[in-house]
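# Understanding the architecture of this molecule
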Amino acid sequence: MISLVAVSLSLLPFVASQSDTATGIAAIKAHFTQSHIVPDLFDSFNPIAVLAVNYPGVGDITPGQTLTQAEAGGYPTIKVTAANSSVALGDTFTVAMVDASYVGKDDSDVTRHWLLNSATLGDGTISNSSAVAITEYAGPAPPEGDPAHRYVIAVYQQPSAFSAPADFSQANMGVSTFDFESYLEDSKMGALVGATYITVQTGTATMSVSATSSVDSATLSVASGTGGGSSGTRTATGSAASSTQSGNGAMGLSLGKFSVALGLLGFVMA
């Protein structure tokens, strides 16, 4: 009887973790839609992991969190949590931070604030120890008078076929505008792993933008929050990733294990 209780209770942290990650993916997808990052920057957005971005002195950010230039000026760390146990994240990654400007501005060129190739993953955290910093991290600097700019931090799988375009093959390039979509396509970038964003504004906005709505986590559909990468133009996924799997089956398995755990507890307690 005691062993049954132990087995039941041992399943609960696993189920809770799987559920939290699935909810996190559903939440970031909702944030990207309601903040108009989809379609202003990406035509579609199908992350396979949740990113926890931590700024020194700020801590882990929430999607769309408003920061000052000073708060977002420090070098952030990125923790990656896969959607479920069937997702293979890969070994090598590209990290980018781009300024998607304010809501409603749809430009093919965006400002590159960070571009890191050949990063790795250690203990679930992105490591730059062997990475090539095409553009070292540079904090946000939106023009004064603009509405809040959306700074998107994205992590991509970097496959063996990856090859940095000639214009972006040297380290230590400064902050500048570039065609992000073309970079992903020309470099044969792999699938999007995950992304999040912050908002930063300098001074008082002198123009208005389209209204956005907040995200209520209680209304999220977890099943729609998991998915694999896909190929296509202006998607957030780069080229197709064979390692990604739909999270729906795993979520069903997690819920099934949760039901079994509760069932065993009920049986034992009876």
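Below: a short report on this structure. None of the values given here were measured: they were computed from a predicted structure. Sequence order sets the numbering: in each chain, residues are counted from 1 along the sequence as written. Reporting of local features is limited, given that this is a predicted model, to residues whose pLDDT is at least 70; pairs of side-chain atoms are given and counted only at 80 or more, and all residues count toward the totals for whole chains, interfaces and linings. Computation of side-chain values: all heavy atoms of the structure, hydrogens and water removed.

### Remarks on the overall build of the protein chain
A run of DSSP states H or I qualifies as a helix once it reaches four residues; a run of E qualifies as a strand once it reaches two. Both are numbered from the N-terminal end. Along the protein chain, the regular secondary structure elements total four helices and eleven strands. Buried, partly exposed and exposed residues are distinguished by accessible area as a fraction of the type maximum, computed with a 1.4 Å probe on protein chains only: under 20%, between the cut-offs, and over 50%, respectively. Within the protein chain, buried positions represent 44% of all 270 residues. Taking contacts inside the protein chain between residues at least 6 apart in sequence as the whole, the part at least 24 apart equals 79%. Residue burial considers only the protein chains on display, and all accessible areas are found by Shrake-Rupley using a 1.4 Å probe. Accessible surface, the protein chain: about 12100 Å² in total, of which carbon and sulfur atoms supply 54%. Contacts are residue-level and defined by heavy atoms, with any inter-residue pair within 4.5 Å sufficient.

### Description of the pattern of salt bridges
Between Lys or Arg on one side and Asp or Glu on the other, a salt bridge is scored when a side-chain nitrogen of the former is within 4 Å of a carboxyl oxygen of the latter. The full count for this structure, using the stated rule, is one salt bridge. Where R150 meets D40, a salt bridge forms, and the shortest distance between an N and an O atom there is 3.1 Å. Of this pair, R150 sits in strand β9 (residues 149–157) while D40 sits in helix α2 (residues 37–40), and the two are 110 residues apart along the sequence. In this pair, the class of R150 matches that of D40, namely buried.

### Comments concerning the nonpolar core
Buried Ala, Val, Leu, Ile, Met, Phe, Trp, Tyr and Cys residues that are joined via side-chain atoms within 4.5 Å together make up what is termed a nonpolar core. Y55, I78, V80, L89, I126, V155 and I198 are the most contacted members of the largest nonpolar core, which totals 30 residues. Going through the elements one at a time, β1 (49–55), β4 (77–82), β5 (93–99), β6 (109–122), β9 and β11 (192–200) are the ones with two or more residues in this core. Among the elements that line this core, the one with the most residues is β1, at four residues. What I198 contacts, discounting residues up to four positions off in sequence, is Y55, I61, G64, Q65, L67, A72, P140, H149, R150 and Y151. Among the nonpolar cores identified, the runner-up in size contains 26 residues, and V98, I134, A154 and F162 belong to it.

### Notes on the pairing of β6
Two strands make a pair as long as DSSP finds a minimum of two bridges between them. Note that β5 and β6 share six bridges and pair antiparallel. By the bridge assignment for β6, V95 is matched with L116. Note that β6 and strand β7 (residues 125–127) share three bridges and pair antiparallel. Paired with G122 across the strands is T125, a residue of β7. In textbook terms, the turn of a hairpin is the stretch between consecutive antiparallel strands, and for β6 and β7 this stretch comprises two residues, one of which, D123, has a positive phi near 55 degrees.

### Comments concerning the side chain of D146
Inspection of the secondary structure assignment puts D146 in the loop between β8 (132–135) and β9. Think of a polar contact as two N or O atoms within 3.5 Å of one another; within protein, one of them needs to be a possible hydrogen donor and the other a possible acceptor, and neighboring residues in sequence only count if both atoms come from side chains. Looking at D146, its side chain comes within polar contact range of the side chain of H149, at 2.8 Å. Apart from residues lying up to four places away in sequence, D146 is in contact with Y102, Q201, A205 and M207.

### Here we look at the packing of aromatic side chains
By convention, a stacked pair of Phe, Tyr or Trp rings (six-membered ring in the case of Trp) has centres within 6.5 Å and planes under 30 degrees apart, an edge-to-face pair has planes over 60 apart, and any other such pair is tilted. Taken as a whole and judged by the stated rule, the model has 13 aromatic pairs. Where Y75 meets W114, the ring centres are 5.2 Å apart and the plane angle is 75 degrees; that geometry is what we call edge-to-face. With Y75 in the loop between β3 (65–66) and β4 and W114 in strand β6, this pair connects stretches of sequence that are 39 residues apart. Judged by its relative accessible area of 33%, Y75 is partly exposed. For W114, a relative accessible area of 2% translates into the label buried. Aromatic side chains Y75 and Y137 sit 6.1 Å apart centroid to centroid with 65 degrees between the ring planes, which places their arrangement in the edge-to-face category. Remark: Y137 occurs in the loop between β8 and β9 and Y75 occurs in the loop between β3 and β4; sequence separation between them is 62 residues.

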